[in-house]
Amino acid sequence: MAFDRFRDARTITDGTRLTADVCVVGAGAAGITITRALLRAGYRVCLLEAGGLSVDPAVDALAAVENVGIDYRPNDARMRLFGGTTNHWGGHCVPLNPIDLEARDWIDHSGWPFSFDELRPYYQAAHEVLGLGPFDYNAAEGAARIGARLFDFDGVNVATTMSLHNRVRFGLEFGDALNAARNLQCILYADVSSIDLANAESEVVRSVSVRSIAGNAFTVQARAFVIACGGIENARLLLASNQQRPAGLGNHADAVGRFFMEHIWYESGYIAPTPPLATYRHYAREVPYNDVRARFQIAIPPEKQRELRISAFRAELVEKPSAYWETWHVRHQGIDPSDIGVLLANPLKMGAALRCREHAAPDVFVLGNLIEQIPNPESRVTLSESRDPLGRPLARLNWRLSRQDHDCIFHAHEVIASEIGRRSVGRMRVTMHDRSELDLSGAAGASHHMGTTRMHIDPARGVTDAQGRVHFTRNLYVAGSSLFPTSGYANPTLTIVALALRTADALKRQLRRG
Amino acid sequence: MDRRKLILSGAAGAGLGVAAYGAIVAAGAVPACPTEDPLAQPADAALLRIGARYLATAAGAAEKQRLSALAESLLAHGPVTLNAASASLSAAAPEDFAKGEVVLCDGWVLARNEARACALLTLASQTA
């Protein structure tokens, strides 16, 4: 079936003015979710997607990012096409924990403007969108359901968590219904260049200016607007919409683009297991679960997080050769005197590890740590001096980690190592050091861009209110993980969809009021 | 617009995704490189290293003296093995872990008596 009602921005006459009740910018998980909710309520929606139906380098070039922080390629896993990054995501779904939304005195800038209970019904609705079945993440019951045996962790110091996987490609899943919706205009290759107020003093957004790679331009007028372009592009668009407010829209508190967060992925520490290994392998791979798939992880429970004053921590296990880790310094920093003994102790094994790297036969389970990054205002997106092919400033990203991020993993490992020993299932080696300097070399992101338009009820401390509406505007909303004040360790898509449904409810209330 | 294109694009995207996420997840799933089995390697060097670190960082003078004496008495009965060293110590690893008696040696989080057993091996190797 063809998406025959979708339009191509490249063919829209220059200067055209389109109208709708709501204009949604970005057809990824957030944008499509809000669009569906509004269409069902009978509103006329104009959905603008910067990409087409396939990957297009010319489109990608319009969202290139100048990276000036730690070694990081922010766009490697982002997709600019209908369906957005859900076109290749891992389908990994897990909700935030209640503690993740709390203001924690050991984490500056923490605290969501509402509690987990507010989000719960939207999580349940998001489960339906994502085809995940019941909203139930009890690891023990889940394991029992599929006959998996988990570690008997005490649940106080260390716990097992469960996540669900269902790789819903939003474009494929919902494209036919969107194409059939008579109250939708979906326009591909429509790249929004600016958000325009009625006038410089106004709080009402009147239109968005759209460009295409063909060079033509048009506008969309609507009663309300939703920006759902991803964690970097949302900030870029607000900052670049500076014709009427020189700092950019929503940037009254200099918060747009700040607090860029990733889920920090850092492989460190390993467990020498005591056989049998079947239990370990439940933590190392996805397993069939009802109609979807599940995965189990090792986590630090909320009360232990409070005691240790650390952020949210989760680790999955990755089977690897121990010798590969023994040679880490040799591969990354040259031979340190302390490594010579290691190399000489077993030259054949070490030689094989250097030659085969991580392909050598696995004998340990490395911890694939995925942690909540501490919100850091200096970790930020700004506008670059460089321009995209349409002459607009590119985003400039300075992703920064902090000592607290390092400490989270280190302290979590001390606890997990003791628990592994106490349960007599193996012994764990902590490969980080409790030194004063930040030591997270090799850390990567999970391609989760968060925090750059954070919610806060106080306009002096955030970009949007608790509904995702940009402060000091009446009809401009943001959707997506850029809203997250903190991130927990939860992969963000389930929360993105839940928040999008919540924002759609707020929008509908506003539209009904007129 | 062609839906098939989107499907193909999704497939291509999935490929990209695997490539992007592969560095994180798939490394453990690649075929084994022909090499000797690491599990078959003698662990003595690692144990000696742990023992040396314990003596250097976690054992006081009195503890070193006690362990040296114990190592000498074990040596009087022949070569010292890990089993023999462990058996000569009064507490077992599970009890240590339960009591929180753990030490960090060479990165390994061990029951104190495990580290002490390694220290006995180290001292015995130095004495023998």
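Our subject is the structure listed above.
Draft legend 1. Broad picture of the packing of helix α3 (residues 61-75) of chain B against helix α6 (residues 112-127) of chain B. Residue and element names in this part refer to chain B. Running from N to C, α3 and α6 point in directions that differ by 65°, and their axes come no closer than 9 Å. For the pair α3 and α6, the sense of crossing is right-handed. Within the contact between the two elements, α3 uses Glu-63, Arg-66, Leu-67, Ser-68, Leu-70, Ala-71, Leu-74 and Leu-75 and α6 uses Arg-116, Ala-119, Leu-120, Leu-123, Ala-124 and Thr-127. Looking at the contact of α3 with α6, its residues break down into nine nonpolar, two polar and three charged.

Draft legend 2. The arrangement of the pairing of strand β3 (residues 45-48) of chain A in detail. Residues and elements named next belong to chain A. With burial as the criterion, each face of β3 is covered, one bearing Val-45 and Leu-47 and the other bearing Cys-46 and Leu-48. On the question of chirality, the crossover connecting strand β2 (residues 17-25) to the parallel β3 by way of helix α1 (residues 29-40) is right-handed. Pairing of β3 with strand β7 (residues 184-188) involves four bridges; the strand directions are parallel. Residue pairing in the sheet places Leu-47 in a bridge with Cys-186 of β7.

Draft legend 3. Fine view of the sheet that holds strand β4 (residues 65-67) of chain A. Residues and elements named next belong to chain A. Spatially, the three strands line up as an open sheet ordered β4-β17-β16, and their pairing is mixed. The open sheet terminates on both sides in strands that have one partner only, identified here as β4 and β16 (380-387). The sheet shows a mean angle of 40° between the axes of neighbouring strands, direction not considered. Strand direction decides the pairing type here: β16 and strand β17 (residues 393-398), joined by five bridges, are antiparallel. Counted as the bridge partner of Leu-383 is Ala-395 from β17.

Draft legend 4. Expanded view of helix α6 (residues 233-240) of chain A. Of all eight residues making up α6 of chain A, eight are buried, and the element is well covered by its neighbours. Looking at the buried positions of α6 of chain A, the neighbouring elements they touch are β8 (191-197), β10 (217-227), β16, β17 and β20 (476-478) of chain A.

Draft legend 5. Highlighting the nonpolar core. Counting residues in hydrophobic clusters, the biggest one holds 150 residues, and the most contacted among them are Leu-48 and Phe-82 of chain A. When residues in this core are grouped by element, the largest group, ten residues, is from helix α14 (residues 493-513) of chain A. Residues Tyr-54, Leu-55, Leu-110 and Leu-123 of chain B belong to the second largest nonpolar core, which totals 26 residues.

Draft legend 6. Representation of the environment of Arg-211 of chain A within the structure. Residue and element names in this part refer to chain A. Summarising the element assignment, Arg-211 is placed in strand β9 (residues 205-211). With 158 residues separating them in the primary sequence, Arg-211 and Asn-369 have C-alpha atoms 41 Å apart. If we ignore the near neighbours within four places in the chain, the residues touching Arg-211 are Tyr-189, Ala-190, Asp-191, Ser-193, Asn-216, Ala-217 and Leu-390.

Draft legend 7. Inspection of the side chain of His-448 of chain A at higher detail. All names here are of chain A. Inspection of the secondary structure assignment puts His-448 in the loop between β19 (444-445) and β20. A polar contact is formed between the side chain of His-448 and the backbone oxygen of Ala-446, at a distance of 3.2 Å. Sequence-distant contacts of His-448, defined by excluding residues within four places in its chain, comprise Met-261, Glu-262, His-263, Asn-491 and Pro-492.

Reading the values: rules and limits
- Residues numbered from 1 in each chain as written.
- Chains lettered and ligands numbered in written order.
- Predicted model: local features only at pLDDT ≥ 70, side-chain atom pairs only at ≥ 80, totals over all residues.
- Heavy atoms only, no water.
- Axes fitted to C-alpha atoms, helices over the stretch in contact; angles between N-to-C directions.
- Helix = DSSP H or I, 4+ residues; strand = E, 2+ residues; numbered from the N terminus.
- Left-handed = near helix turned anticlockwise from the far one by under 90°.
- Contact = heavy atoms within 4.5 Å.
- Nonpolar A, V, L, I, M, F, W, Y, C, P; charged D, E, K, R; others polar.
- Buried < 20%, exposed > 50% of the residue type's maximum accessible area, 1.4 Å probe, protein only.
- Right-handed = clockwise from strand over helix to strand, strands pointing away.
- Pairing = 2+ DSSP bridges.
- Core = buried A, V, L, I, M, F, W, Y, C linked by side-chain atoms within 4.5 Å.
- Polar contact = N/O pair within 3.5 Å; in protein donor to acceptor, adjacent residues only side chain to side chain.

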